[in-house]
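# Residue-level structure breakdown
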Amino acid sequence: MYKIFGILLVGMTLYGSDINLPVSFSGNFKQIVTNPKNKVIRYNGKVKFVYPSIMKWEYLFPTQKEVCSTTEKVTVVDHDLEQVSFYYLNKKFDVAWILSHAKHYKDNIYIAKYQDKDYTIALDKSGRLQSMAYYDDMDNKVQIVFSKVKYKKKPFSSKVMQCKFPKDYDMIRG
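Now for a quick tour of the structure. Keep in mind the model is a prediction, meaning the values are calculated, not measured. (Residues numbered from 1 in each chain as written. Predicted model: local features only at pLDDT ≥ 70, side-chain atom pairs only at ≥ 80, totals over all residues. Heavy atoms only, no water.)

## A look at the overall build of the protein
On a plain count of helices and strands, the protein comes out with 2 helices and 12 strands. Reading the helices (α) and strands (β) of the protein from amino to carboxyl end gives β-β-β-β-β-β-α-β-β-β-β-β-α-β. Within the span of the protein, comprising 174 residues, buried residues form 44% of the whole. Long-range pairs, those at least 24 residues apart, make up 49% of the contacts in the protein with a sequence separation of at least 6. Taken as a whole, the protein presents about 10,100 Å² of accessible surface, with 51% of it coming from carbon and sulfur. (Helix = DSSP H or I, 4+ residues; strand = E, 2+ residues; numbered from the N terminus. Buried < 20%, exposed > 50% of the residue type's maximum accessible area, 1.4 Å probe, protein only. Contact = heavy atoms within 4.5 Å. Areas by Shrake-Rupley, 256 points an atom, 1.4 Å probe, with all protein chains shown as cover.)

Encoded structure:
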């Protein structure tokens, strides 16, 4: 699950790409994960992003979870399990690179290739992030649809971007 957080978009106008994004944004998301046997899991929640690749996902349904990430580290807080997991990513995930290399495909659709994966990015009529889709390492189709996206000219504070959890949660370091 923690692999899905990092692909949201960069927060500024990117060199070589037609995608204009702010320094930061927030919004709601619906995430649809479809496995190779067509089993579908749906999630929804809130997301915050700060350039270049700091993200905070707050899952609200069907489980309460927070995922905070940079290009190299991930913190997952599972409130249902009262557990916090800390991970270092085996492969650096560079959202800025993905978006700076996204090429216009047609209409409001852009395509990018990163670490042998294809990413499809859709923008709304105003040029704001609407959705992103890709296949993860387990061949699950991941689609993230954004709504109520608010672009900002200033970043969120580092305190806002950190996952919060009670001190008595179990800690796992991986």
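Right, picking up where we left off after that structure.
## Some remarks on the environment of valine 145
Relative to the assigned elements, valine 145 resides in strand β11 (residues 141-152). A C-alpha to C-alpha distance of 5.5 Å links valine 145 and phenylalanine 29, two positions 116 residues apart in sequence. Not counting residues within four places of it along the chain, the set of residues in contact with valine 145 comprises Asn28, Phe29, Lys30, Gln130 and Ser131.

## With respect to the environment of methionine 55
Checked against the element boundaries, methionine 55 lands in strand β3 (residues 54-61). With a relative accessible area of 1%, methionine 55 lands in the buried category.

## Structural notes on the packing of aromatic side chains
Applying the stated criterion across every chain, the model contains 8 aromatic pairs. Considering the side-chain rings of tyrosine 119 and tyrosine 134, the 5.4 Å spacing of their centres and the 35° angle between planes classify their relative orientation as tilted. Remark: tyrosine 134 occurs in strand β10 (residues 129-135) and tyrosine 119 occurs in strand β9 (residues 117-123); sequence separation between them is 15 residues. Over the ring of phenylalanine 156 we find lysine 152, and its NZ or CZ is 4.2 Å from the ring centre. Arginine 173 extends its terminal NZ or CZ atom over the ring of phenylalanine 86, reaching a point 4.4 Å from the ring centre. (Phe/Tyr/Trp six-rings, centres within 6.5 Å; stacked < 30°, edge-to-face > 60°. Lys NZ or Arg CZ within 6 Å of the ring centre and 35° of its normal.)

Remember, this is a structural readout, not a statement about activity or role.
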